[in-house]
Amino acid sequence: MAVENKHFLDIKDLVVEYMSNGQVVQAVNGASLFLEKGKTLGLVGETGAGKTTIAKSILRILPDVGSRIVSGEIFLDDKNVLELSETDMRKIRGSKISMIFQDPMTALNPVQRVGEQIAEVVALHNPGHVNPDQRAKEMLEIVGIPADRYYEYPHQFSGGMKQRVIIAIALACNPDLLLADEPTTALDVTIQAQVLDLIGDLQKKYNTAMLLITHDMGVVATVCDTVAVIYAGNIVEYGTKEQIFDHPSHPYTIGLFGAIPAMNDDGLWLHPIDGLPPDPTNLPKGCAFCPRCKYATDVCRNSPVVMYKTPDGHICRCCNFESIRKEK
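The notes below deal with the structure included here. (Residues numbered from 1 in each chain as written. Predicted model: local features only at pLDDT ≥ 70, side-chain atom pairs only at ≥ 80, totals over all residues. Heavy atoms only, no water.)

Looking now at the sheet that holds strand β11 (residues 308–309). With mixed pairing, 8 strands are arranged side by side in an open sheet as β6-β7-β8-β3-β9-β10-β12-β11. Two strands close off the open sheet at either side, each with one partner strand: β6 (97–100) and β11. Sheet contacts for helix α7 (residues 189–206): β3 (40–44), β6, β7 (177–181) and β8 (209–214); angle to β8, the most-contacted strand, approximately 160°. (Pairing = 2+ DSSP bridges. Helix = DSSP H or I, 4+ residues; strand = E, 2+ residues; numbered from the N terminus. Contact = heavy atoms within 4.5 Å. Axes fitted to C-alpha atoms, helices over the stretch in contact; angles between N-to-C directions.)

Given below as structure tokens:
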């Protein structure tokens, strides 16, 4: 029986593990987040924090061997996708949920024309469409590529144009949810801005909800409505973009901002976060950020830390956030 949720996407206490050389890799550790229709949630964190694993769990495209969703719920429009059959999931992928993968070089088939790759998506996930080829040409035009390039191969496109093709594929069936996995990482700054504007325009046109995976706070500031900061597979800070940028409360979030160069600051040095992320096969007993945190106490080191509500209304997984905010 479906459980009624007020959010379009609602992820509750998701736990995902991988097996590697006989060891359990704790990739996602009780992550919870939600997203409204037509809004953008930025999922921010270092490489290996669990961002892509969360997205692949939503689509249920984790590797068949060596991975498993241990527990949790993922509600999409009041349906728990983790309880759906594979047949039902095939109906959802591409039509209701689409994903822009990180690397356009590997996301496209090098021996198939780009237009045919778009048309294939339409034929598979929107079989009622009378002319998939025409829809593919329309999508090329929508993302700023002339329709007559339908017959060209991926190697004939630049990196930015390849990413536009990937966006066309992802949006060809007007999905309700778009999972964008670092869609601008491989692009230069100018093309990155163009691609972000394009995604934003198409999102508004189709009222699409978007989960944007990134490690770039500048991209978050440009695109997102809400922000979830993830570390070692768990959400450590969560709120609106304004709350996170104006009042960062977790030492990890503060560290991320400290590593961003300021255009109006003549200082020579940035302030990177000391240390390295923890070994996911052997996470600390308490807060996973403790080994890198100058504010850590015995309480943090020896017991799990719950989410606390900050004075401005967002939530933070740090029992010392009040002292940290005063010092900051």
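This part covers the pattern of salt bridges. Tallied over the full model, the rule gives 12 salt bridges. Of the charged contacts, one joins Glu-86 and Arg-60 as a salt bridge, the two residues approaching to 3.8 Å between their closest N and O atoms. With Glu-86 in helix α2 (residues 86–92) and Arg-60 in the loop between α1 (51–59) and β4 (67–76), this residue pair connects regions lying 26 residues apart in the sequence. Arg-60 sits in the partly exposed class, given a relative accessible area of 23%. (Salt bridge = Lys/Arg side-chain N within 4 Å of Asp/Glu carboxyl O. Buried < 20%, exposed > 50% of the residue type's maximum accessible area, 1.4 Å probe, protein only.)

Here the focus is the nonpolar core. In terms of nonpolar packing, the biggest core is built from 58 residues, with Ile-100, Ile-118, Val-165, Ile-167 and Tyr-252 touching the most fellow members. Among the elements that line this core, the one with the most residues is helix α6 (residues 159–171), at 8 residues. Excluding residues within four positions of it along the chain, Ile-118 makes contact with Ala-136, Met-139, Leu-140, Val-165, Ala-168, Ile-169 and Ala-172. Listed in part, the 34 residues of the second largest apolar core include Leu-14, Val-16, Ala-27 and Ile-235. (Core = buried A, V, L, I, M, F, W, Y, C linked by side-chain atoms within 4.5 Å.)

So, about the pairing of β3. The buried fraction of β3 amounts to 5 of the 5 residues, a majority that puts the element mostly inside the structure. Here β3 runs beside β8; their pairing, made up of 5 bridges, is parallel. Note on β8: the bridge partner recorded for Gly-42 is Leu-212. As paired elements, β3 and strand β9 (residues 226–231) share 4 bridges and run parallel to each other. Looking at β9, one finds that Val-44 is bridged to Val-229.

Here 4 strands make up an open sheet; going across it, the order is β2-β1-β4-β5 and the pairing antiparallel. Sheet topology places β2 (23–35) and β5 (79–80) at the edges, where each strand pairs with a single neighbour. Sheet contacts for α1: β1 (9–20), β2 and β4; angle to β1, the most-contacted strand, approximately 110°.

Attention shifts here to the packing of aromatic side chains. Scanning all chains against the criterion turns up 7 aromatic pairs. For the ring pair Tyr-150 and Tyr-151, a centre distance of 4.8 Å and an interplane angle of 65° mean the geometry is edge-to-face. You can call Tyr-151 partly exposed: its relative accessible area is 49%. Arranged with centres 4.7 Å apart and planes meeting at 55°, the rings of Tyr-231 and Tyr-252 form a pair that is tilted. Taken as a pair, Tyr-231 in strand β9 and Tyr-252 in helix α10 (residues 251–258) lie far apart in primary sequence, 21 residues in all. On the basis of relative accessible area, Tyr-231 is assigned to the buried category, the value being 3%. Aromatic ring contacts, followed pair by pair, group Tyr-231, Tyr-252 and Phe-289 into a single cluster. Cation over ring: Lys-37 sits above Phe-8, and NZ or CZ is 5.4 Å from the ring centre. The ring of Tyr-150 is capped by Lys-137, whose NZ or CZ atom sits 5.5 Å from the centre of that ring. (Phe/Tyr/Trp six-rings, centres within 6.5 Å; stacked < 30°, edge-to-face > 60°. Lys NZ or Arg CZ within 6 Å of the ring centre and 35° of its normal.)

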